[in-house]
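Residue strings, one per chain:
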Amino acid sequence: MRLSRLLAYLSGSLNCFPMFFLNHTLPLPAENLALDEALLAASEAGEIAGGTLRLWEPDEHFVVLGRSSDPAVEVNLAACRAKKIPVLRRASGGGTILTGPGCLMYAVVLSYDEHPATKSITHAHHFVLNRIAAGLAPLVPGITLAGTSDLAFRTTAGLQKFSGNALRAKRTHFLYHGTLLYDFDLDLVATVLAQQTREPQYRAARAHREFVANLPLSREQIVNALTVAWNAKQPLNTWPQEQMQCIIKQKYIGNPQWVIIK
């Protein structure tokens, strides 16, 4: 689909489904991971009537493992301990990421009733990532979907990744969330993350520093583009604190499967 047609399609479909917007970062890594999951739980329970876009950006670095990721394989644990970088696990799949200042984190929670095609995992990836790509396209030429669930753009170094993403599906809703690098310490990525065991073809065996890149945008530009792309106009004034606390107690307090390094 040509970009002009894609933008028109996305704009038209979004007018039917305005979304809530939550621009909220919590102090602790576990709180931020649990809040994404709590938004999904609250939507499943019918407590949030409509889709939600959440944006957040931590003040400190921490590593986030996918649900099935092996920390001994995907993380330089010695470097994380030396630098006092926490390592935690999230509820969604996908690979391991490093987040922190300069990495805008986003999460969208959508219902299958409003978006029935997204019951297919492949279609869910394409639906969300195409919408983000279309929102950023007027600001950064050449953004494309790459691999299974990456967003990348072409630079003098080739096709470079700026966004890694993951999905958690439930019965009536799904959570899709990921990273958007814009002013991130890319050298730190190579220090604390191991080379991935499963790599997309477009990576071409490049090291982290040659593979990832920051978007040439400000945080404000990205936030504005995302809120417009998702039609996220209504503030989510009450967010699911009770569900978040339950998830924290269940997974992130004294559970070494979910908190590898505090």
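Look above for the structure.
Throughout, a residue's number is its position along its own chain's written sequence, starting from 1. Per-residue local features are limited, in this predicted model, to residues with pLDDT of at least 70; the limit for side-chain atom pairs, both in listing and counting, is 80 or more; totals at the level of whole chains, interfaces and linings are taken over all residues. Hydrogens are left out, water is left out, and the side-chain values use all remaining heavy atoms of the structure.

Student: Account for the sheet that holds strand 1 (residues 19-23), naming residues and giving values.
Tutor: The sheet built from 8 strands is open, its strands ordered 7-8-9-10-6-2-1-11 with mixed pairing. The open sheet terminates on both sides in strands that have one partner only, identified here as strand 7 (144-146) and strand 11 (232-235). Averaged over all pairs of adjacent strands, the angle between their axes in this sheet comes to 30°, without regard to strand direction. Two strands make a pair as long as DSSP finds a minimum of two bridges between them. Where helices and strands are cited, they refer to DSSP runs of H or I of at least four residues and of E of at least two residues respectively, numbered from the N terminus. Pairing between strand 8 (residues 150-155) and strand 9 (residues 158-169): 6 bridges, direction antiparallel. In the sheet register, Thr 155 faces strand 9, and the bridge partner there is Gly 158. Every axis corresponds to a line fitted to the C-alpha atoms, with the helix fit spanning only the stretch in contact, and the corresponding angles, defined between N-to-C directions, vary from 0 to 180 degrees.

Student: A description of the environment of Ala 38 should follow, citing residues and the corresponding values.
Tutor: Relative to the helices and strands, Ala 38 resides in helix 2 (residues 29-44). In the structure, Ala 38 is positioned 205 residues away from Gln 243 in sequence and 5.3 Å away in space, judged by C-alpha atoms. Not counting chain neighbours up to four residues away, the residues in contact with Ala 38 comprise Pro 240, Gln 243, Met 244 and Ile 247. Here, two residues are considered to be in contact whenever any of their heavy atoms come within 4.5 Å of each other.

Student: Just give me the short version of the pattern of salt bridges, but keep the residues and values in it.
Tutor: By salt bridge we mean one thing: a side-chain nitrogen of Lys or Arg within 4 Å of a carboxyl oxygen of Asp or Glu. Under the defined criterion, the tally for this structure stands at 6 salt bridges. Between Arg 219 and Glu 57 there is a salt bridge, with its nearest N and O atoms 2.7 Å apart. Of the two residues, Arg 219 is situated in helix 8 (residues 219-229) and Glu 57 in the loop between strand 2 (52-56) and strand 3 (62-65); the sequence distance between them amounts to 162 residues. Its salt-bridge partner being Arg 209, residue Asp 187 comes within 2.9 Å of it at the nearest N-O pair. Highlighted residues: Asp 187 in helix 6 (residues 186-192) and Arg 209 in helix 7 (residues 208-211), separated in sequence by 22 residues. Partly exposed residues are those whose accessible area sits between 20% and 50% of the maximum for their type, while under 20% is buried and over 50% is exposed, using a 1.4 Å probe and protein chains only. In this structure Asp 187 comes out as partly exposed when scored by relative accessible area, which is 49%. For Arg 209, a relative accessible area of 36% gives the class partly exposed.

Student: Give a description of the packing of helix 5 (residues 121-136) against helix 8 that names residues and reports values.
Tutor: With their axes 9 Å apart at the nearest point, helix 5 and helix 8 run at an angle of 125° to one another. With respect to helix 8, the axis of helix 5 lies oblique. Like other packed secondary-structure pairs, helix 5 and helix 8 cross with a definite hand, here right-handed. Note on element contacts: helix 8 touches helix 5 through Ile 222, Ala 225, Leu 226 and Ala 229, opposite Arg 131, Ile 132, Gly 135 and Leu 136. When residues are grouped by polarity, Ala, Val, Leu, Ile, Met, Phe, Trp, Tyr, Cys and Pro land in nonpolar, Asp, Glu, Lys and Arg in charged, and all others, Gly among them, in polar. Residue classes in the contact of helix 5 with helix 8 are distributed as 6 nonpolar, 1 polar and 1 charged. Roughly parallel means an angle under 35 degrees; roughly antiparallel means over 145; roughly perpendicular covers 65 to 115; every other angle is labelled oblique. When the near helix sits turned anticlockwise from the far one by under a right angle, the crossing is termed left-handed; a clockwise turn instead gives a right-handed crossing.

Student: Any details on the side chain of Glu 31? Residues and values, ideally.
Tutor: Mapped onto the elements of the fold, Glu 31 is located in helix 2. Within the buried core, Glu 31 has no salt-bridge partner, and the shortest N-O distance to an opposite charge, that of Arg 54, equals 8.4 Å. Leaving out residues up to four positions away in the same chain, Glu 31 has contacts with Leu 26, Met 244 and Ile 248. In this tally, Lys and Arg are treated as positive and Asp and Glu as negative; His is ignored, and so are the chain termini.

Student: So, the sheet that holds strand 5 (residues 97-99): which residues are in play, and what are the values?
Tutor: Strand order in the open sheet made by the 4 strands is 5-3-4-12, with mixed pairing throughout. In this open sheet, the two edge strands, each paired with only one partner strand, are strand 5 and strand 12 (259-261). Across the sheet, the axes of successive neighbouring strands diverge by a mean angle of 25°, strand direction being ignored. Where strand 4 (residues 87-89) and strand 12 come together, 2 bridges link them in antiparallel fashion. Each residue of the ladder has a partner; that of Val 87, found in strand 12, is Ile 261. The sheet contacts of helix 2 involve strand 3 and strand 4, and relative to strand 4 the element is tilted by about 20°.

Function cannot be read off these values alone, since they describe shape.
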